[in-house]
Structures are given as structure tokens and as C-alpha cells.
Amino acid sequence: MNSFQLAGKTRAAMAMLSAQLEEVRSQAEKSLFMPGSAQDVRTGVYAMANIPLPPSAKYRYIAAEAMVIENSGGSNRNETIASLQKLSTALNILEKYGSNLTSSNRPKYWRTVKHNNPVFRATVDAILGGRAVLCLYGYTNQQPDGLSFPDEVIEPDIAKVASVTLEVMSLRMELDMLVKDVHPHPEFFERIIHSLTRKQDDEEVSTDSAAVSPVSDRPWERLSLPMNSLSQPKGLLSLSSLTSAKQTALSTDYCGICRIFPVASHCNTCVQRLCSECDRLYHSPSGRAMHSRVPVAPSRPSKTVSASLATWQCSCTTVNTMQQVLCDTCERPRLAAAAVPTMHEEPQQPSTITEWQCKSCTVVNAGSSVLCEVCERPRLATRPPVTPSRPTPSTAVLLDSQWICQVCTYANHASSLRCEMCDFLRSDPVPSPSKPLPPSPVIDFTPLSIRPKLTPTEDPDLKRQRLMREEGLKLIQLIREGEIKGVSPEEVYTSLRVSGSGSLSGSPCDWVKTELPLRLDEICAIAASFQHSPKPLHSTLFNCAGEESGLEGLKSGAVPLSRAEAKQAWLTAGGDSEKAARQALRDRWAKVKELASLGFTDTAACEEALRQSGGEVRGALVLLQRPLLEPFHKHMWSDEPEQPIDINHPDKQRVCRRLLATYDLPSWGRCELVLSLLRDPAAPYTLEDVVQAVRESHDRDFIRRVLTKECPICLSVFPHSKMQSLTSCQCSVCSGCFKQHFTIAVRDKHIRDMVCPVCWEPDINDPEHLNSYFSTLDIQLRDCLEPDVYELFHKKLTEQALIKDPKFLWCSHCSYGFIYDGDQLKVTCLQCRNSFCAQCKKPWEAQHAGLSCEQFQLWKRENDPEYQRQGLAGYLRDNGITCPNCRFQYALARGGCMHFSCSQCRYQFCSGCNNPFHTTCAVAQCSVTGLHAHHPRDCLFYLRDWEPSRLQALLQKNGVAYNTDTAPGTQTGVCGVIEQKDEGAHQTDSACGAQTQPGQAGLCEKHYREYLVSLINGYSIDPAPLFNFNELLLACRRYQVELARGEGEDDRPYYNRLMKKLLEDVPLGDKVPRKK
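**Considerations on the overall build of the protein chain**
The number of helices and strands found in the protein chain is 39 helices and 26 strands. Across the 1076 residues in the protein chain, those meeting the buried criterion constitute 41%. Taking the intrachain contacts of the protein chain between residues at least 6 apart in sequence as the baseline, contacts between residues at least 24 apart amount to 53%. By element, 54% of the accessible surface of the protein chain is carried by carbon and sulfur atoms, the whole surface being about 59,500 Å².

This is the structure:
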């Protein structure tokens, strides 16, 4: 076979081993995710560790070879083994980190690893490469005190963590096997660590084997062998003769080349036992093709064929020798958990590690259990003495009928499958009954005439086990009785030792109730005698505790012990009174020193506090601190007023402490800032103002600006806390100007005049803003105004709300408003006692009784000479202006200006359409600034510009009659319509006085247009059909009607389309008066 063929076969073998490694790895990773599969994980890890591959080829994630080289130190094998043991311990801790991350119930603080952990510093941080493994887990974020996952990582990469954890477990198992000298392939580590090389003769054997054997179990080293030795069968014979006993045992049932697959054939020529694949590769050359090979049937697996016969594996995956009873790592007994099954053994579940360890069988039990889970020994029972077994006449007979438990060494009957003491399953199978052996030849002798009578003697081991079981059951019964009576197990056990020298015949609970108080008093007396003669005690303290200061603290006047201290010392000393007295004094002095370190140097006071608290340091500390807190308590509960803070006090720190405690400032620096501002002679600030400013900011310039605000009304300087502002604007005025402005507004002005005195905001005409504004203003004025002024404000605010009630009526005689709940038309005013109509608001007349308002109005036109004489002027007066907000009626014509302000509620609106006038417009598309209103197209605001003839044409087109003749008896030439006029700062009601025109019913042109528009509004006539082209375009722009003109569209179709769209999309005014 040439070198190329050998290299190819080597690569094939390597690929086969790598494939087997990946298969084992994948199965172990699956087992790692499954709950309750710890045994499968250990089996997979054990299989990974035994695959014959070097560390550089076996481990994919961790740098195993580099970690072993960097952490192996020493000049000889023992020192190197010790360093590898340290590396194995660190890997054990790293394995725990990985197992926690892959567990379904991860710890609470799994995201961080703290460097200050002593276990971490002594293990992981003490080796090279430990933190690199943590980085592979995901701990990549460097913190000041450790490592953590990045903030954006919500969950760890479970798949990667599982792969890294398996490699850590495998490397640790290989190192454990290497330390125990049971590694199946130690040459991998000896090649990289030369100090691990064995004795000289072993080196020679291994060197010869490597040089001669063409079937070395390191296929990657075959290329370095001499080519002429590959075809020599004798070399194979020498290899077989030089192989150690362990290697022979390993190759008995497994292939001699790969050490993995079972033997399929035996070559008689080269004396090799090979698997099918290795047999095909090895005997493929022509020189070996004629070798005589015999097929080998697969042998039944036995428990003695594995190299791990001399080892056992603990549940913590540590490999130990068979001579070791306890595990080196966790100190658990060998049979507490099943070892890694070498062939087909049934794995056992590991025991639970909790709080206390049995002293008899070393099994760890739960802290709440009184008995051991395995041997049922009580928690306080000591380890039984081992009685040497002596051969007795009956021992030989009993060996055939009994079997010894490997856990608790109890002798059981041969037919039982479980131990009667610990209930542990029998490890060896029950022997089947066999045929009796033929009697062996014996020498004949003359029998004695009298046979001596043999007294049956009990086996000492059986007797010891019987007594141990009986005493344990009695102790368990006593402990349970003590729990019912309130006696702890420690008291029961100690009382048994004291009262009966370990005998269980008496009742320890009764002894604790009756004799223990006397014993505790005796201990207190012994301690008192030690205190009065301190020399022997001082020597004891010095010898036991190494403290030379014990003599100074224990004087003749020391405080005696309490029963609680004596009881604790009695339990610690195991019932010895003198030892308990000395222990109590040592504990007392240690606690006195602890209290002295906290600042309480009075020894007598400390001892008295310890006596009263029963020896508890926390309780003694409370008693010692109570007198110190007495002045503080008196100050807290005192009724005396707090003295003001003296800013000029020489003790600056005292003033800062007062400021910090009184005003709750955020820091000490803010207190010093307050003090510096107050001590500035050029800035006369008050303490409260400075504290308020310092709470908002620590910037000195900002604080000075806050403390020097200028009022825009009186132009005086005030701090920010003395300024007031409304929620509707950003203006700020001083408290004095604020109070004065609203006092005058409430007393002398209308409720709608109560706005900001600087910017006159908000717009009261907006009802939404009005409600929210007055609700917040009420809170501000409550503490600002005088009680009588605030009451007047509430009265006006109530009247403002009553105006909006539908049942609210204004008297047409005296302008008094009230709520009317009746259903009759005639209403009598409560103020002036005059009557008026509740519907038409006209003064009540006798002719109105029994007639509706329309019928009464018609009757007046036909029968009242005065009404007829007034003509259309009376008509316009009867159809005057009604406030849409408070429904107060004005017998006035609308006149020229459409902006009307109600004298009752100060509501500003258009007299033609009743829409409000405002400065803040709610229409999104409106670009008009200042006071304005939005009018519909049928409002008098637009129609007053039409000529009377055009308005008459619109009425004629819709069939509505109108008047053109002057009424008889009416004054001619002058218009007598009453309207509101502005005269300086006041508004007065007077006759129009304008010149009348013929054909306009005795009215001026302005009021005649108003008369015609009232008819148009009364009959809801749309003036749009009379719009010309420009008026139509202007109306469409005003009401946001689309003006897009089609391509090639003529004027007439375009006009008709716009007219139709305007009539359909823009309705008439909904608030326009529609009185006929």
C-alpha cells in the first residue's frame, strides 16, 4: 500500500470517527433539553470522551487543547496532574453555568456572572480560558463587577449553550479519567503535555508499538510510520505481545484498529480482531488479501469487558476509582446514584441534595425530614461504631442464607430483594437454588460418648444492627412526642444524654419541663462564680478564643446570665453544665464586643440589655438605642412651635441640616445654594421664595431670573411664587394686581369681562372655552377674592348658567329673568308684577286670551289703530332682535351694522343670521384675523347690498306679497324705526330719522330692504338663482365649492353646474330668523 492509499484510508477513518462523534453529540444535545434525562446526558458525554480523537479534532467550540496546555504546570507528572485537577474543578463550575442556562427553570439572576463571587474567583477566574467559555455561553457584555448578557438579548442561544456545555462536560470527564489514570487514550494528552509521560518502560513499549503497529488506534499518525513496516505480519505479533493488559481487555470484543465497533472477524495470519469496515480496508491490498480470516459472532455484552471496570461515575459526572466509597467532588456515596452504565445496566436516579447529611449512610436529606430517606436513622443520631466481625460457628452457616446491603451494611435474608433497613434494592441477583455438592471426603474419628451442648451465640453485627434499629425507632418516637409538646429535637437529644446517659427509657419531655429550668439556673450560678473569680475563666477564654481582653470585661459586678443564654449554651455544650457556663460567658463577651463596635462602650449596660433580650444582639441594640432616641421622640411629639431658621447662624452645617430636614431639598448642595442666596445683601429674598426657586433648578442665573419677575401692570419686581397667571394665556401679573382686576370685574362689569388684564384672552363667545375657563378661574378666585366678592362672582356665574335653561324667561317690562315651569301663555314677572306672553314675549293684553300668538298678531293688525298707524315700523319692532345665547328680545331694527352685543349676557353675534362674532375662528380654512363672523348667503349681511327692486323680483318669483304703500296716519318723510346707535362709549335706542322714498311703505331705503329680506328669510327663499356669474363664483369661493372648469366647457353649462353644486352642497343658514 502506498502513502496515498494509506492517507486516504486515514482520512476515511477520521471521517468515520467524526461522524460517530456528531451522532453522539446530537443525541446528547437532545437529551440535555429533555427533563429527567440526566442519565442519558451522562451516557452521551461518556461516549464523547471515549471516542479516539485528539482534542483539536474533537472539540468544535472551546479551545480544549489550548486550555489544557496553558493550565498544565509542573516539572513532573504529579504536579501536572494537580494542575489538571484544578482545571477540572473550574470546568465543573462552568458546566453548572451552562446547565442553568439550558434548564427550563433558570435562576432569577441568570443574566449576570459576578467576579466577586469567591467560588468564581477560586475556580473559573483562576484558570486561563474560563472567561472565554462564558463568552461562548453569551456573557459578552463587560460590567464593572462581572459579565452579563447584552441588553438586547432576551433569551440565551439554547442550542449553542447546549453544545458548549456538552464539550465542557466531555473535557472535564476526560481530565478526570486522566487524573484517575483510567483514560482509554492518554497518548493524546501526553503528546501535548510531555510531563504526563509515564515510566521509562511504558514509554519504550508505547514507542515500539507506535513504530511497529500498522493498525495503531491513532490513524492520523499512520503517515509517520515507516513504509516497510506496514506489510510485516510479524510486527503485528509483536504488537499483540507488547499490548498492556488494559488494552487487551479493551480489544477483546471491539475492533483492534478503531476501538469503537464490535469485532466481526478474526485474522489468523496477523492475529487481529477487526470490525467489518476495518477488515475490508486493512485486507484490501494484494499482499493481505489471502490472509485466513474467521467470522466472529457478536458476543454477549458483559459487565467486565469495559475499561471502566476499575472506575465508577458519580451523579455529578465525576469518575472515581472502585476503591473510593465517596465521590471526590460532591462526597456522595457510591450507591447513592447509579454510575454511568458501561453496557446495559439500568441507570438509577440521583438522590436529592438538600440540607443535612446522614452520619450513618452519608445520604443528603431535606431539612424538614427527621429521618434519613435511606437508612431511616434520625437526624441527630451519630455514626454507629464498626464492630469487628469475628468468626463464629454460626457465621459460615449464615453466609449462605443472608446478603449484606452495600449502603447500610445490614444483613438481610437471602430471599428478600430489598434491604430491611434502608429499603435499597439488592445489587446482585438472587442466587438460584443449586444442587447440593457431593460430600467431601473426611477423616474418620471416634465420636465422643457425650456431645457438648453448644450455646447459640448471636452474630455481633446482627446484634449491633438490631440495637441500632431499636434505638433509632425509640428516638424517632420521642422526637415526635417532643414536637407535639413544643420541645425541639435538639432539646430531646440533649436531655437524653444528660438524664439517662443515652438511655431511652425515660421521658425527655418531662425532664425538659421539670429539670431543665433547675439545670439552667445551675449554669447561671456557675457562670456567676466564674465572673467573681475571673482568673480560671480568663485562662479558659485565652486558651479557647485567644482573647486577652476577656479579663477586663468580666468583673465581679458583671450582669448574670439569662435562662435563654444558658439554654443556648447548654445545647451547644451537649448538656455539660460547666462547659455550657464557659460557652455562655464567651458568647456574652463576643456579643458585648460586637455592641462596642457599634458605639455602645458601657459594658454593664450592654450586658443588661443582652440579659433582657435573651442574648439576642438585635434585641439588645433596640434596648440600648431607646434612651438615645428619647430626646428625638419628645421633640417629635411636642406641641411647641418650631423655631424659625436663623440664616445668620455661625454654624453653616447646622443651618443646612435644618434646611434639608424642614424643606425636603434634593441635596446638600441645594441647601448651600439657598444659604448663599439668602446671605446676599443685594438680594432681599424670603426663605420660602428661594427654597421654591432652588427646588426647580440648580442654576444660579435661572434662580435669579425666577426671583425677579416684573409685573406688566404695576411694573414692580416680584419672585415667581408671588406671580399669578391664567390657564388661557402665558401672561403673569402680581397677586395684588390680579386680585384688584377681578374684584372690579366682578363688582362693576359683566361676567364676560373677567378675562386676562394683559391680553384680554380668552374669547368668551366660544361656549366650549367658556365652561373650561370658568371652572379653573373659580379655583383661582376662591383663595384670591374677598368672601363677599367671591359670593357675587358665584351669583353671576349661576345666572350665566341659568340663561341657557330652556325654561328661563326674560321679563319684557323690567328685564328681570327667572325660571318658569308653567304651561300657560300668561306669565307674571316676580320683580315688577307685570304680565307678558311666554311665547311671543309681548306685553299681555286681554285680547290674547284664547288666541295663539299668530292669531293675536293678526287681530292687532286689523283692529288696533295704533298698530296700524305705525305701519311697517311696528312690524320691524315686533320682529326685532333676539339674543341667541340668552333669548333676550330687543324691539330694535337691525340697522346698518350687523354686529350686535347683548346687554344682558355680552354675547356678540350677527343680527341677520345669529352667528357669533369671534377673534379665534374654529373654521380650519378661514384666513381672516380679527373680529369676524361667517354668514350664510341668505343673511341680511349680503342681501342688504341688493336693490329693492331685485329683492322684490325675488319675492315675486316665489309668489310672496310685499307692501309698498304707506300706512294711514303714519308720519311721512321721516323713517320712525327704532334702532341701536353708538354715542361715544354708550349705546342708545332711538328712531332712524332718515328720509323716506315713494313706493317703500313709509320707510327709508335701508329699513325697507330689511323688511323685504325679513320676508325672504321668513319664507326660506334662496337668493342664489338671481346670482350673476361673478356673484356665483364669489359664493363658491366663500363656501369652498370646487371651481374646476371642464375643458371646452361654455359659460352657460359651467354656470348651471356651479349653481347646482352650490344649491346641493351649501344649505341656507340654520340660525337665520324665520318669522313670517
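More follows now that the structure is in view.
**Some remarks on the sheet that holds strand 5 (residues 272-274)**
Taking strand neighbours across the sheet as the criterion, the three strands line up as 5-4-6 in an open arrangement whose pairing is antiparallel. Edge positions in the sheet fall to strand 5 and strand 6 (293-295), since each of these pairs with one other strand and no more. Within the sheet, the average angular offset between the axes of one strand and its neighbour, ignoring direction, is 25°. Inspection of the sheet shows strand 4 (residues 265-267) paired to strand 5 by three bridges, in the antiparallel sense. By the bridge assignment, S265 is partnered in strand 5 with L274.

**Re the pattern of salt bridges**
Within this structure, the stated rule accounts for 32 salt bridges. Through salt bridges that share partners, E22, R25, R60 and E167 make up one connected network.

**Some thoughts on a nonpolar patch on the surface**
Taken together, L629, F632, M636 and W637 make up a surface patch of nonpolar side chains, about 520 Å² in accessible area. Its place among the elements puts M636 in helix 24 (residues 617-636).

**Details of the packing of aromatic side chains**
By the definition in use, this model includes 13 aromatic pairs. Aromatic pair W110 and F149: ring centres 5.3 Å apart, planes at 65°, arrangement edge-to-face. Here W110 is found in the loop between helix 5 (77-102) and strand 1 (112-114), whereas its partner F149 is found in the loop between strand 3 (146-148) and helix 8 (158-179), with 39 residues between them in sequence. By the burial criterion, W110 is buried, and F149 matches it.

**Comments concerning the sheet that holds strand 1**
Spatial strand order, 1-3-2: three strands in an open sheet with antiparallel pairing. Whereas interior strands pair on both sides, the edge strands pair on one side only; in this sheet they are strand 1 and strand 2 (141-143). On average, adjacent strands in this sheet sit at an angle of 20° to one another, irrespective of strand direction. Pairing between strand 2 and strand 3: three bridges, direction antiparallel.

**Comments concerning the environment of S901**
Position of S901 relative to the elements: it lies in strand 23 (residues 899-901). On the basis of relative accessibility, which here comes to 24%, the residue S901 falls in the partly exposed class. For the pair S901 and C883, spaced 18 residues apart in the sequence, the C-alpha separation amounts to 8.6 Å.

**Comments concerning the packing of helix 29 (residues 735-748) against helix 31 (residues 787-802)**
It is at 9 Å that the axes of helix 29 and helix 31 come closest, and there the two elements cross at 55°. Classed by the angle they form, the pair helix 29 and helix 31 counts as oblique. With respect to the hand of their crossing, helix 29 and helix 31 are arranged in left-handed fashion. Across the interface between the two elements, T743, A745, V746 and R747 from helix 29 touch D788, V789, L792, F793 and K796 from helix 31. When the residues that make up the contact of helix 29 with helix 31 are grouped by side-chain class, the tally is five nonpolar, one polar and three charged.

**Here we look at the packing of helix 21 (residues 563-572) against helix 22 (residues 577-597)**
What describes two packed helices is the angle between their axes and the distance between those same axes. Between helix 21 and helix 22, the least distance of the axes is 8 Å, while the angle of their chain directions is 120°. One way to sum up the angle between helix 21 and helix 22 is to call them oblique. Judged by the sense of rotation from one axis to the other, the crossing of helix 21 with helix 22 is right-handed. Every residue of helix 22 that contacts helix 21 at E565, A569, W570 and T572 is listed here: A580, Q583, A584 and R588.

**So, unusual backbone geometry**
Among all residues save glycine, negative phi is the norm, and among peptide bonds the norm is trans. Geometrically, the link from E761 to P762 is a cis peptide bond, its omega value of 5° lying close to zero. A positive phi angle, close to 65°, is found at R833, a residue other than glycine. Within the secondary structure layout, R833 lies in the loop between strand 19 (826-828) and strand 20 (835-837). What makes R833 exposed here is its relative accessible area of 55%.

**Remarks on helix 8**
Taking 1.5 Å per residue as the helical rise, helix 8 with its 22 residues ought to reach 32 Å, and the 31 Å between its terminal C-alpha atoms agrees with that figure. The buried count for helix 8 comes to 18 of 22 residues, which makes it a mostly enclosed element. Just past helix 8, the residue D181 takes up positive phi, approximately 65°.

**Things to note about the side chain of S562**
Assignment of secondary structure puts S562 in the loop between helix 20 (550-553) and helix 21. Classification of S562 by relative accessible area gives buried; the value is 10%. Not counting the four nearest positions on each side in its chain, S562 is found in contact with C524, R588, R611, G614 and G615.

**Section: the nonpolar core**
Grouped together as the largest cluster of nonpolar side chains are 41 residues, with contacts concentrated most on L951, L955, F1027, L1032 and L1062. Broken down by secondary-structure element, the contributors of at least two residues to this core are helix 35 (940-943), helix 36 (948-957), helix 37 (1005-1018), helix 38 (1029-1038) and helix 39 (1051-1065). Among the elements that make up this core, the one with the highest residue count is helix 37 (six residues). The contacts of L1032, once residues within four sequence positions are left out, are F1027, Y1055, L1058, M1059 and L1062.

**Some words on the environment of Y1039**
On the secondary structure map, Y1039 appears in the loop between helix 38 and helix 39. Along the primary structure Y1039 and Q925 are separated by 114 residues, whereas in three dimensions their C-alpha atoms are 9.9 Å apart. In this structure Y1039 touches H935, P936, R937, Y942, L1062 and V1066, once residues within four positions along its chain are discounted. Only 2.9 Å separates the side chain of Y1039 from the backbone nitrogen of R937, close enough to count as a polar contact.

**Quick look at the confidence of the model for the protein chain**
When pLDDT is averaged across the protein chain, the result is 75; 76% of the residues are at 70 or more. Across residues 386-399 the pLDDT falls below 50, and counting only partners more than four positions away or on other chains, this stretch makes eight contacts in the model.

**Some thoughts on helix 4 (residues 64-71)**
Among the residues of helix 4, those classed as buried are A64, M67, V68 and N71. Summarising the axial view, the buried residues of helix 4 lie within an arc of 95°, below the 170-degree limit, and thus occupy one face. In this structure, the buried residues of helix 4 make contact with helix 3 (55-58), helix 5, helix 7 (130-137), helix 8 and helix 9 (187-192).

**Structural notes on the state of the cysteines**
Summed over the entire model, instances satisfying the criterion amount to zero disulfides. C759 takes part in no disulfide bond, and the closest cysteine sulfur, belonging to C756, lies 3.7 Å away. C759 gets classed as partly exposed once you look at its relative accessible area, which sits at 29%. Among the cysteines around C853, which has no disulfide bond, C837 carries the closest sulfur, lying 3.6 Å off.

**As for the environment of S697**
Note that S697 resides in the loop between helix 27 (687-696) and helix 28 (700-707). Setting aside chain neighbours within four positions, we find S697 in contact with R670, F702 and I703. Looking at S697, its side chain comes within polar contact range of the main-chain nitrogen of D699, at 3.1 Å.

**Things to note about the side chain of S148**
Looking at where S148 falls in the secondary structure, it is placed in strand 3. There is a polar contact of 3.2 Å between the side chain of S148 and the side chain of Q143. Once residues lying within four places of it in the same chain are set aside, the contact partners of S148 are R111, T112, G138, Y139, T140, N141 and Q143.

Reading guide: rules and limits
Residues numbered from 1 in each chain as written. Predicted model: local features only at pLDDT ≥ 70, side-chain atom pairs only at ≥ 80, totals over all residues. Heavy atoms only, no water. Helix = DSSP H or I, 4+ residues; strand = E, 2+ residues; numbered from the N terminus. Buried < 20%, exposed > 50% of the residue type's maximum accessible area, 1.4 Å probe, protein only. Contact = heavy atoms within 4.5 Å. Areas by Shrake-Rupley, 256 points an atom, 1.4 Å probe, with all protein chains shown as cover. Pairing = 2+ DSSP bridges. Axes fitted to C-alpha atoms, helices over the stretch in contact; angles between N-to-C directions. Salt bridge = Lys/Arg side-chain N within 4 Å of Asp/Glu carboxyl O. Patch = residues over 30% accessible without salt bridge, like charges linked within 9 Å, V, L, I, M, F, W, Y side chains within 5 Å. Phe/Tyr/Trp six-rings, centres within 6.5 Å; stacked < 30°, edge-to-face > 60°. Parallel < 35°, antiparallel > 145°, perpendicular 65-115°, else oblique. Left-handed = near helix turned anticlockwise from the far one by under 90°. Nonpolar A, V, L, I, M, F, W, Y, C, P; charged D, E, K, R; others polar. Expected span 1.5 Å × (residues − 1). Core = buried A, V, L, I, M, F, W, Y, C linked by side-chain atoms within 4.5 Å. Polar contact = N/O pair within 3.5 Å; in protein donor to acceptor, adjacent residues only side chain to side chain. pLDDT = per-residue confidence, 0-100. Arc of directions from axis to C-beta. Disulfide = S-S within 2.5 Å.

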